[in-house]
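A closer look at the structure
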Amino acid sequence: METVDEVAAALRRTGYVCDDSLAVVVHLARRMQRPLLLEGEPGTGKTSLAEALAEALDQPLVRLQCYEGIDATQALYDWDFPRQVLHLRALEAAGAAADAEEAEKGLYDERFLLARPVLRALQQAPAVLLVDEVDRADDEFEAFLLEVLSTYQVSVPELGTVRAATPPLVVLTSNRTRDLHDALKRRCLYHWIDHPDLAREVAIVRSRAPEVPEALARQAAEVVQALRHEADLVKPPGVAETLDWARALHHLGVAQVDLDSAARTLGALVKHREDTDRARRALARMVAR
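Here is a short report on the structure shown in this document. (Residues numbered from 1 in each chain as written. Predicted model: local features only at pLDDT ≥ 70, side-chain atom pairs only at ≥ 80, totals over all residues. Heavy atoms only, no water.)

1. Comments concerning the overall build of the protein
- When you go through the protein residue by residue, the secondary structure sums to 14 helices and 9 strands.
- For 289 residues, the compact-globule estimate of 2.2 N^0.38 gives 19 Å, and the C-alpha radius of gyration of the protein, at 24 Å, exceeds that figure by more than 25%.
- Here the C-alpha coordinates of the protein stretch approximately 85 × 40 × 35 Å along the principal axes.
- Across the 289 residues that make up the protein, the buried fraction comes to 44%. (Helix = DSSP H or I, 4+ residues; strand = E, 2+ residues; numbered from the N terminus. Rg over C-alpha atoms; globule rule 2.2 N^0.38 Å. Buried < 20%, exposed > 50% of the residue type's maximum accessible area, 1.4 Å probe, protein only.)

Encoded structure:
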């Protein structure tokens, strides 16, 4: 994966179809050893890109799922308290003559360390570290991430500094539920992933769901493209929903999308009550045309 074309080809072999601009920013992120920040609507393939990169590079994927209230402890490490207690009891049962200070030191041996995703990625590097939905975390967690991504090292007071021999390839994703701080953005290479055009969406369905006939894949993608632009949906379907819907139609033995088959399988495509009604009306208009 030394060129942009090789990046695109390697991702395609995993089933991930990307456009040239995305292949360029992935290539630069690897060569410049910079984190890659991906923003876009849900279902546009942000998380899947990190998974595809790990597969293409033959490296472990370490995933940190962000959520409201997450802090550095959940991202870095913890101590295995039950095993520490068992260790103390074993020392007592064996009649070990170690003094209290030595016993305490033994409790903070690396074997009792529970590495969380960020620390694990530094230890396992080269690896792909996926920081998923970073927009769900708060400002303090962003500041912590910025520090780690600036040095690719963390300090464990009881053990010392853990530094990545090779910086992991870091992919941060955001659904843009809130704006991220400029300091974190400046550290990253940025890319907005939009819904694909028709040709690329058909290619994605053919790549990720090869069992779906080409004609059905194209019809499904055409309908989804029309729904995104015409139906005024609360949550327009992403590529993930296109794949689910194409597979659902195929499992029902549908050879050609019609109003009946589309209406029966809408649950794979739209996930809001209001969107179901709007999608039905839009489908009826499409059929009428």
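2. Details of the side chain of Gln-225
- Position of Gln-225 relative to the elements: it lies in helix α11 (residues 214–230).
- Judged by relative accessible area, which is 13%, Gln-225 ranks as buried.
- The contact partners of Gln-225, leaving out residues within four places of it in the chain, are Pro-196, Asp-197, Leu-198 and Glu-201. (Contact = heavy atoms within 4.5 Å.)

3. Thoughts on the pattern of salt bridges
- Within this structure, the stated rule accounts for 14 salt bridges.
- A salt bridge links Arg-136 to Glu-133; its shortest N-O distance comes to 3.1 Å.
- Given a relative accessible area of 44%, Arg-136 falls into the partly exposed group.
- Among the ionic contacts, a cluster of salt bridges with common partners joins Glu-39, Arg-176 and Asp-179. (Salt bridge = Lys/Arg side-chain N within 4 Å of Asp/Glu carboxyl O.)

4. Comments concerning the packing of aromatic side chains
- Applying the stated rule across the entire model yields 2 aromatic pairs.
- Measuring from centroid to centroid gives 6.2 Å for Tyr-77 and Trp-79, while their planes differ by 80°, and the two rings are edge-to-face.
- Owing to a relative accessible area of 14%, Trp-79 belongs among the buried residues under this scheme.
- Between Phe-141 and Phe-144, the ring centres sit 5.4 Å apart and the planes meet at 45°, which makes this aromatic pair tilted. A residue pair is termed a helical-turn pair when its members lie 3 or 4 positions apart in one helix, as Phe-141 and Phe-144 do in helix α8 (residues 139–151) at 3 residues.
- The exposure class assigned to Phe-141 is buried, which follows from its relative accessible area of 2%.
- Taking the relative accessible area as the measure of exposure, Phe-144 reaches 12% and is therefore buried. (Phe/Tyr/Trp six-rings, centres within 6.5 Å; stacked < 30°, edge-to-face > 60°.)

5. Digging into the nonpolar core
- By size, the foremost hydrophobic cluster in this structure holds 34 residues, and its most contacted members are Val-131, Phe-141 and Leu-172.
- Elements represented by at least two residues in this core include exactly β2 (61–65), β3 (77–79), α7 (117–124), β5 (128–132), α8, β6 (153–156) and β8 (169–174).
- Setting aside its immediate chain neighbours within four residues, Phe-141 contacts Leu-64, Cys-66, Ile-70, Asp-71, Ala-72 and Ala-75.
- If you look at the next biggest cluster of nonpolar residues, it comprises 30 residues, including Val-205, Ala-217, Leu-233 and Ala-279. (Core = buried A, V, L, I, M, F, W, Y, C linked by side-chain atoms within 4.5 Å.)

6. Overview of the environment of Gln-123
- Position of Gln-123 among the secondary structure elements: in helix α7.
- The class for Gln-123 is partly exposed, based on a relative accessible area of 37%.

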